[in-house]
Amino acid sequence: MLQVELDIFSGRPNPKWILTPNDERKMVDRIQSDPSLVIPASTRVGGLGYRGYIIEVLKDAETRKGANHSSLPQSFRIGGGNNKDASLWLLDTSEKDNPEVDNHLREITDKAIRNPDKEAVSNVNKGLMMSCANSYLTSSTDFSPWNVAPYISSNNCYDFAGNCRYSSYNFAQPGRHSGYTLTFPPNCSNTTTGIQSDGWFNVCQSANNLSIALVIWPGQDFHFYRVCQNDIWCHKPGNTPARNYDNSNNLIYNPQTCDRGPYTQFCGYWYANNSLIIVS
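Now for a look at the structure at hand. Counting restarts for each chain, with residues numbered from 1 along the sequence as it is written. Owing to the predicted nature of the model, reporting of local features is limited to residues with pLDDT of at least 70; listing and counting of side-chain atom pairs is limited to 80 or more, with chain, interface and lining totals taken over all residues. Computation of side-chain values covers all heavy atoms of the structure but excludes hydrogens and water.

A look at the side chain of Arg243
Heads up, the rule is: Numbering of helices and strands runs from the N terminus; a helix is a DSSP stretch of H or I covering at least four residues, while a strand is a stretch of E covering at least two. Only protein chains enter the area calculation, which uses a 1.4 Å probe; residues under 20% of their type maximum are buried, those over 50% are exposed, and those in between are partly exposed. Positive charge is attributed to Lys and Arg, negative charge to Asp and Glu, and no charge count is given to His or to the chain ends. Criterion for a salt bridge: a side-chain nitrogen of Lys or Arg within 4 Å of a carboxyl oxygen of Asp or Glu. By the criterion applied in these results, polar contacts are pairs of N or O atoms within 3.5 Å in which, for protein atoms, one can donate a hydrogen and the other can accept it, and in which residues neighboring in sequence qualify only through two side-chain atoms. Residues count as neighbours in contact if any of their non-hydrogen atoms are within 4.5 Å of one another.
Note on placement: Arg243 falls in the loop between strand 8 (233-234) and strand 9 (265-272). Buried and unpaired, Arg243 has Asp7 as its nearest opposite-charge partner, separated by 8.8 Å. Within the local environment of Arg243, its side chain forms a polar contact with the backbone oxygen of Pro241, the two atoms lying 3.0 Å apart. Residue contacts for Arg243: discarding those within four places in its chain leaves Gly46, Gly47, Phe143, Trp233, Cys234, His235 and Pro237.

Right, here's the structure in full:
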């Protein structure tokens, strides 16, 4: 069987679905006729928003007739900048049995596939929009602890914001550590309730301030930034590398004014000390 993962979220797990037998055969035929469709699974593309698809070959009790997986890698990527036709076709397969991909998400993804180029957003207002003295800072240039296997695919933006790194799949959700369940869709109110219950405050802490910013993709997802050294903000979009630049490839001096892609709603700043644990 072939599992399709729409690589699009930063905080929430990405939506996944299994191709029908007919679509599975069509996918294999497409790849056999154009092997250039296949991108190594280790390739990390894009930033906030649509980044293509991750395809995984799942073991099933019997091989589906007409679908020969022997030539396929165990996992690989498609889309995220190449071959609009295959990317749009994969998006259409989500309509058949996947409630996680609603019409709004499908429309956003369709638009991103058809029009990958957009006008850059200027980061003109520089400087931290806070008064806290940050004594608990991490490098704004060295992300090697996060950007290697297995950590790169196991941690999301909230893990990175709290500087809590896990070697197995975690994707921390605000409130999980404290027993609060974040309901869908995430918004400023319920996500703030989750992070407050985890131990974040909206006022400066007496020592070792860890400072983060929360933004929302309305109706879809949450995302966090963390201030690092040199007053530069850093973040980790989902299962992609941690970085210090926005969707326009500009250094992030202000998360309120940087290019955040579809995460258009800014919720505020939050603080904790370096003893915070955001997951159980």
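Now, onward.
Looking at the sheet that holds strand 6 (residues 210-217)
The cut-off we apply is this: Only when DSSP finds a minimum of two bridges between them are two strands counted as paired. Interaxial angles span 0 to 180 degrees and are taken between N-to-C directions of axes, which are lines fitted to C-alpha atoms, for helices over the stretch in contact.
What the four strands build is an open sheet, ordered 8-7-6-9; its pairing is antiparallel. At either end of the open sheet lies a strand with only one pairing partner, and these are strand 8 and strand 9. Two strands pair when backbone bridges link them, and strand 6 and strand 7 (residues 221-227) are joined in this way by six bridges, in the antiparallel orientation. Bridge pairing in strand 7 links Ile212 to Arg226. Running over the sheet, helix 6 (residues 188-198) touches strand 6, strand 7 and strand 9 and is turned about 10° from strand 9.

A closer look at the packing of aromatic side chains
The condition is simple: Under the pairing criterion, centres of Phe, Tyr and Trp rings, with the six-membered ring standing for Trp, must be within 6.5 Å; the plane angle then separates stacked pairs below 30 degrees from edge-to-face pairs above 60, leaving the rest tilted. In this scheme, Lys NZ or Arg CZ marks a charge over a ring once it lies within 6 Å of the ring centre and within 35 degrees of the ring normal.
Going through the model one piece at a time under the given rule, you end up with 10 aromatic pairs. An angle of 70° between the planes, with centres 5.8 Å apart, marks the rings of Phe9 and Trp217 as edge-to-face. Here Phe9 is found in the loop between strand 1 (2-6) and strand 2 (16-18), whereas its partner Trp217 is found in strand 6, with 208 residues between them in sequence. Like Trp217, Phe9 is buried. Here the aromatic residues Phe9, Trp217 and Tyr263 are joined through ring pairs into a cluster of three or more. The ring of Tyr151 carries Arg165 above its face, with NZ or CZ at 3.7 Å from the centroid.

Some details on the nonpolar core
Where we set the bar: Only buried residues count toward a nonpolar core, which is a set of Ala, Val, Leu, Ile, Met, Phe, Trp, Tyr and Cys residues joined through side-chain atoms within 4.5 Å.
Formed by 39 residues in total, the largest nonpolar core has its most connected members in Leu2, Met27, Tyr53, Ile55, Ile78, Leu90 and Tyr225. For this core, the element with the highest residue contribution is helix 2 (residues 84-93), accounting for five residues. Sequence-distant contacts of Tyr225, that is, excluding residues within four places in its chain, are made with Leu48, Ser211, Ile212, Ala213, Val215, Trp233, Cys234, His235, Ile252, Pro255, Cys258 and Arg260. Residues Leu210, Leu214, Ile216 and Ala272 belong to the second largest nonpolar core, which totals 17 residues.

Here we look at the packing of helix 2 against helix 3 (residues 103-114)
Rules: Orientation labels follow simple angle bins: below 35 degrees gives roughly parallel, above 145 gives roughly antiparallel, 65 to 115 gives roughly perpendicular, and whatever is left gives oblique. Gly is placed with the polar residues, together with every amino acid not listed as nonpolar (Ala, Val, Leu, Ile, Met, Phe, Trp, Tyr, Cys and Pro) or charged (Asp, Glu, Lys and Arg).
It is the contact of helix 2 with helix 3, at a shortest axis distance of 10 Å, that shows an interaxial angle of 175°. For the element pair helix 2 / helix 3, the angle class is roughly antiparallel. In contact with Lys84, Ser87, Leu88 and Leu91 of helix 2, helix 3 contributes Arg106, Thr109, Asp110, Ile113 and Arg114. By residue class, the composition of the contact of helix 2 with helix 3 is three nonpolar, two polar and four charged.

Describing the environment of Gln173
Within the secondary structure, Gln173 is located in the loop between helix 5 (157-161) and helix 6. The spacing of Gln173 and Cys157 is 16 residues in sequence and 9.6 Å in space, taken between C-alpha atoms. In this structure Gln173 touches Gly11, Arg12, Pro13, Asn156, Tyr158, Leu182, Asp198 and Phe222, once residues within four positions along its chain are discounted. In this structure the side chain of Gln173 is engaged in a polar contact, spanning 2.9 Å, whose partner is the backbone oxygen of Gly11.

Thoughts on the state of the cysteines
Rules: Counting rule for disulfides: a pair of cysteine sulfur atoms within 2.5 Å.
Taken as a whole, this structure holds one disulfide when the rule is applied. A disulfide bridge connects Cys188 with Cys267, and the sulfur atoms are separated by 2.0 Å. Across the S-S bond linking Cys188 and Cys267, the dihedral sits near -80°, which makes this disulfide left-handed. Residue Cys188 is located in helix 6, and its partner Cys267 is located in strand 9; the two are separated by 79 residues in the primary sequence. Among the residues examined, Cys188 registers a relative accessible area of 17% and is labelled buried.

Thoughts on the sheet that holds strand 4 (residues 53-57)
Read from one edge to the other, the open sheet built from five strands follows the order 2-1-4-5-3, with strand pairing classed as antiparallel. The open sheet has two edge strands with one neighbour each: strand 2 and strand 3 (39-40). Of the strand pairs in this sheet, strand 1 and strand 2 are connected by three bridges, and their pairing is antiparallel. Across the sheet, the residue bridging to Val4 is Trp17, located in strand 2.

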